[in-house]
There are 2 protein chains.
Amino acid sequence: MKQQLKISEAVVRRLPIYLQVLNELSIREVQTVSSQELGQKLDLNPAQIRKDLAYFGEFGRKGIGYDVNYLIEKIRQILNLDTTHYAALIGAGNLGHALCNYNTYLKDNVQITAVFDASPSKIGTKINGLTVQPMDALRSAIQDQHIRIGIITVPASEAQNVANELVASGIDGILNFAPAILKVPEDVRIHHANFTTELLSLAYYIEKERLERDE
Amino acid sequence: MKQQLKISEAVVRRLPIYLQVLNELSIREVQTVSSQELGQKLDLNPAQIRKDLAYFGEFGRKGIGYDVNYLIEKIRQILNLDTTHYAALIGAGNLGHALCNYNTYLKDNVQITAVFDASPSKIGTKINGLTVQPMDALRSAIQDQHIRIGIITVPASEAQNVANELVASGIDGILNFAPAILKVPEDVRIHHANFTTELLSLAYYIEKERLERDE
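Residues numbered from 1 in each chain as written. Chains lettered and ligands numbered in written order. Predicted model: local features only at pLDDT ≥ 70, side-chain atom pairs only at ≥ 80, totals over all residues. Heavy atoms only, no water.

(A) How the structure looks around the overall build of chain A. When helices and strands are counted, chain A shows nine helices and ten strands. Each principal axis of the C-alpha atoms in chain A carries an extent, and together these give about 60 × 50 × 35 Å. Within chain A, buried positions represent 50% of all 215 residues. For chain A, the computed accessible surface area is about 10200 Å², with 48% contributed by carbon and sulfur atoms. (Helix = DSSP H or I, 4+ residues; strand = E, 2+ residues; numbered from the N terminus. Buried < 20%, exposed > 50% of the residue type's maximum accessible area, 1.4 Å probe, protein only. Areas by Shrake-Rupley, 256 points an atom, 1.4 Å probe, with all protein chains shown as cover.)

What follows is the structure, encoded as structure tokens:
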């Protein structure tokens, strides 16, 4: 199934959030939801939501709203969630542990299936059922287990080396949590999950809202 | 200093990333940088970078590029980084530990100054110099220490309760790491730092690029 839709990056980042809310509604057996209700839950403008969802055709009905299960199915299709993506995590520190525990939430869409660390004290220990492996097992694991995503949770000083090893192992995408800008070849997709960025943009909005209140 | 600039949310999220790269350049005593060079480092289109930075006036010079230190100063001004924002972190698990260790990178812009947890086994322990406090100390700490940001790193099932307590304590903004959609009053800003979202959007692009290669 080929998709030729041009969906903006911002929309792609919002779709999994829509999906999360819709799944919660589906579990509670709610059958339809309006853009107003979604907007309230997500702190987003209902017009923005209607615009985002219009990318995928007209499936909201005026005055009735969206069919929850149909919308879930549609978003899963767009995000290719019926394919399972395997991920390797490198860096079995506190953040690595925390992320492995997310495996439960990821369900069958993305699964961390291998964990690596350079430290002899960590190799052989278990995190959420996965045994921490030495770095020299990385390449064969990625190739044998069809792993396409690498998650970097090592210190900033080590991150570029790990990225290089992932690239050499033939990975397609990297999610980098280390506070460092990494260089990878053009055909490897890299996303930076930067805690600092999140905090600074939050601080920006808080300050802005305070200034607006004081006017 | 009042700012009436309309800056899109996507740009606000990119500015701290620009700042990170610029700080790295400044440390290496690089004085000017072109949008091409920034684009390469950040995997962004140079035209996009010029557009983002044009929000703040014309300070790039054709053929020469941007003055690194001037751009740093300008972005710091826009993000109000000369104000220090204090943050409280709730949930002293693996993720909480990992985030406290980021304090070093945050420097004087945002500082986690207090950590809380409900578990008696964690109360009194130290994380990166901060003593974990019981939940009933939350409200007075927020008020006494002028804390304006709450960081939620508790399990999903506890997150709404913690958000309610933060709101009752008069917090201005929340950064939520729990995989749950939280409800807060309109005057409280909430950002969701969702690992699942990051991974799913990465998976989307990998799949899309694979399909494009196969065409």
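That shown, we press on.
(B) Examining unusual backbone geometry more closely. Even without glycine at this site, A:H146 takes up a positive phi of about 50 degrees. With respect to the helices and strands, the residue A:H146 is situated in the loop between α7 (138–144) and β8 (147–152).

(C) Representation of the domain arrangement of chain A within the structure. Domain boundaries in chain A define domain 1 (9–79) and domain 2 (85–197). Relative to domain 2 of chain A, the C-alpha centre of domain 1 of chain A lies at a distance of 31 Å. (Domains from an automatic or database assignment.)

(D) View of the interface of chain A and chain B. Of the residues lining the interface, 73 residues belong to chain A; the matching set on chain B comes to 73 residues. With both sides pooled, the region where chain A packs onto chain B buries about 7100 Å², and carbon together with sulfur makes up 64% of that total. Looking at the side of chain A facing chain B, the largest losses of area belong to A:I181, A:F195 and A:Y204, adding up to 11% of the total buried there. There are zero salt bridges connecting chain A and chain B. (Contact = heavy atoms within 4.5 Å. Buried area = accessible area lost by both parts, 1.4 Å probe. Salt bridge = Lys/Arg side-chain N within 4 Å of Asp/Glu carboxyl O.)

(E) View of the sheet that holds strand β7 (residues 130–133) of chain A. Residues and elements named next belong to chain A. Spatially, β6-β7-β5-β4-β8-β9-β10 is the arrangement adopted by the seven strands of the open sheet, whose pairing is mixed. Each end of this open sheet is capped by a strand with a single partner; those strands are β6 (126–127) and β10 (189–192). The pairing of strand β5 (residues 110–116) with β7 spans two bridges and is classified as parallel. Its bridge partner being in β7, F116 is matched across the sheet by Q133. (Pairing = 2+ DSSP bridges.)

(F) Main features of the relation of the copies chain A and chain B. The two copies are related by a screw motion: chain A maps onto chain B through a turn of 180 degrees and a shift of 0.0 Å along the axis, at an RMSD of 0.0 Å. The superposition operator between the copies reduces to a two-fold rotation axis. Considering only C-alpha atoms, the residue of chain A closest to the rotation axis is A:N94, which sits at 2.3 Å. With an isologous cut-off of 70% or more, the 100% of interface residues of chain A that recur at the interface of chain B puts this contact in the isologous class. (Least-squares fit on C-alpha atoms with pLDDT ≥ 70 in both.)

(G) Looking closely at the sheet that holds strand β7 (residues 130–133) of chain B. What the seven strands build is an open sheet, ordered β6-β7-β5-β4-β8-β9-β10 (chain B); its pairing is mixed. Of all the strands in the sheet, just β6 (126–127) and β10 (189–192) of chain B have a single pairing partner and so form its edges. As defined by bridge partners, strand β4 (residues 85–90) of chain B adjoins strand β5 (residues 110–116) of chain B across six bridges and the pair is classed as parallel. When the sheet's bridge partners are listed, B:A87 is paired in β5(B) with B:I112. Of the strands in this sheet, β4, β5, β8 (147–152), β9 (173–176) and β10 of chain B touch helix α9 (residues 195–214) of chain A, which is tilted by about 140 degrees from β8(B). Running over the sheet, helix α8 (residues 156–168) of chain B touches β4, β8 and β9 of chain B and is turned about 175 degrees from β8(B). (Axes fitted to C-alpha atoms, helices over the stretch in contact; angles between N-to-C directions.)

(H) Spatial organisation of the packing of helix α2 (residues 35–42) of chain A against helix α3 (residues 46–54) of chain A. Residues and elements named next belong to chain A. Where α2 contacts α3, the axes come no closer than 8 Å and their chain directions differ by 110 degrees. Classified by the interaxial angle, the pair formed by α2 and α3 is roughly perpendicular. As α2 runs across α3, the sense of the crossing is right-handed. Facing α2, whose interface residues are S35, Q36, L38 and G39, α3 presents P46, I49, R50 and L53. Counted by class, the contact of α2 with α3 contains four nonpolar, three polar and one charged residues. (Parallel < 35°, antiparallel > 145°, perpendicular 65-115°, else oblique. Left-handed = near helix turned anticlockwise from the far one by under 90°. Nonpolar A, V, L, I, M, F, W, Y, C, P; charged D, E, K, R; others polar.)

(I) Spatial organisation of the pattern of salt bridges. All names here are of chain A. This model, assessed by the stated rule, comprises four salt bridges over all chains. The residue D52 makes a salt bridge to R14 at a minimum N-O spacing of 2.6 Å. With D52 in helix α3 and R14 in helix α1 (residues 9–27), the pair connects residues that are 38 residues apart, well separated along the chain. Note on accessibility: D52 and R14 belong to one class, buried. The partner of R148 in a salt bridge is D172, with the nearest N and O atoms 3.0 Å apart. Here the residue R148 occupies a position in strand β8, and D172 occupies one in the loop between α8 (156–168) and β9 (173–176), the gap between them amounting to 24 residues. Each member of the pair, R148 as well as D172, carries the same accessibility label: buried.

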